[in-house]
Amino acid sequence: MSKAKLEYIWLDGYKPTANLRSKTKVEEDFSGKLEDCPMWSFDGSSTKQAEGGSSDCLLKPVAIYPDPSRRDGYLVMTEVLNSDGTPHESNARATIDDNDNDFWFGFEQEYFIMDTATQLPLGFPVGGYPGPQGMYYCSVGGRNTHGRDFVEEHANLCIDAGLNFEGINQEVASGQWEFQLFAKGAKKAGDEIWIARYLLDRLTEQYGYYIEYHPKPIKGDWNGSGMHANFSNEVLRTCGSKEVYETICEAFRPVTKEHIAVYGEFNDQRLTGEHETQSIHEFSYGISDRGASIRIPIITVENGWKGWLEDRRPASNGDPYKIAARIVKTVKTADVSAILA
């Protein structure tokens, strides 16, 4: 009989920023299919998800991917349930109202690679600073490019795991990188970002690095890290109407605070109105405007107002489930029926 290693992955109950947790379940003669992943449990009192006197929480498998780093291994993304089978309060995935997968998301995950020995981003000398921003973005060569081997290995792992991985690039600050993922369905998009983050964090164990998701880990004239959320639904993809786009964008204005509340901790340090951001206290949208809260991509306009929008406010440490759930909810409040009639 063959044995398979199933790595059950979930989000803990720490607030406001959840952490990834995982543990391995060995199964005999496993088919590799999601429907054959059994429910499992864990000690919620160790993850701020239950009290010690009644500590069992359940893990419900919701997505499965081959684990490219382990022989006969699988990565199993799970939702956390209470012992009675209802969604745990920390389970943001269960709040996404997109059961028909009408919403498509492309997340751009930025992050800093940190050296565990120096506690600094790669390229930062101890007791000082590297050269100013300008030459790091999409750079090549040992003077300005730091961490390429690590980033390339992560990309290979994501692709081998079957994620819809779309690209990588070094970002504006030294030691800062980005990867992009796209998925049809808001829940799937969140699943894939979390699996990609898991692979990224696990890979650091081999390099003496760790990943810093804080949206502004280096103060001063250095770009922060975001997780821009590109999104569309059938209306945005097909409407061909500037008025529809403006109506949907305006639906975001009155719920600005509700979006910021789930877009990541310490985001006020990043959304200052500088470094390609809009102020956290303002809301704006514009065509090809990277200083706006929501950017209308020029390709959407050139395609006859058929395409997608980019919410540039989410922070790098944001939960993609919470971000997607809030965006879906807001877009659904926009009444465009009269325009489309």
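As recorded in an unreviewed UniProt entry, the chain goes by the name Glutamine synthetase, listed as coming from Aquimarina aggregata. Here is the UniProt Catalytic activity (unreviewed entry) comment for the chain, exactly as written: "L-glutamate + NH4(+) + ATP = L-glutamine + ADP + phosphate + H(+)". Here the chain is described in UniProt, under the heading Sequence similarities (unreviewed entry), as follows: "Belongs to the glutamine synthetase family."

## Remarks on the UniProt feature "domain: GS catalytic" (unreviewed entry) in the chain
The residues that UniProt annotates with the feature "domain: GS catalytic" (unreviewed entry) are residues 87–341. For residues 87–341, helix accounts for 30% and strand for 19%, while the C-alpha atoms at its two ends are 39 Å apart.

## Here we look at the pattern of salt bridges
Following the criterion strictly, the structure yields 15 salt bridges and no others. In this structure, Arg71 engages Asp72 in a salt bridge whose closest nitrogen and oxygen atoms are separated by 3.7 Å. Its relative accessible area of 66% is what places Arg71 among the exposed residues. The exposure class assigned to Asp72 is partly exposed, which follows from its relative accessible area of 42%. Here Asp102 ties to Arg237 by a salt bridge, and the two come within 3.5 Å at their closest N and O atoms. One end of the pair, Asp102, is in the loop between strand E5 (73–81) and strand E6 (104–115); the other, Arg237, is in helix H3 (residues 234–238), with 135 residues separating them in the sequence. According to the relative accessible area criterion, Asp102 is partly exposed, its value standing at 22%. Residues joined in a network through salt bridges with shared partners are Glu79, Arg93 and Asp191.

What counts and how
Residues numbered from 1 in each chain as written. Predicted model: local features only at pLDDT ≥ 70, side-chain atom pairs only at ≥ 80, totals over all residues. Heavy atoms only, no water. UniProt positions renumbered as here; feature names shortened; annotations may be inferred. Helix = DSSP H or I, 4+ residues; strand = E, 2+ residues; numbered from the N terminus. Salt bridge = Lys/Arg side-chain N within 4 Å of Asp/Glu carboxyl O. Buried < 20%, exposed > 50% of the residue type's maximum accessible area, 1.4 Å probe, protein only.

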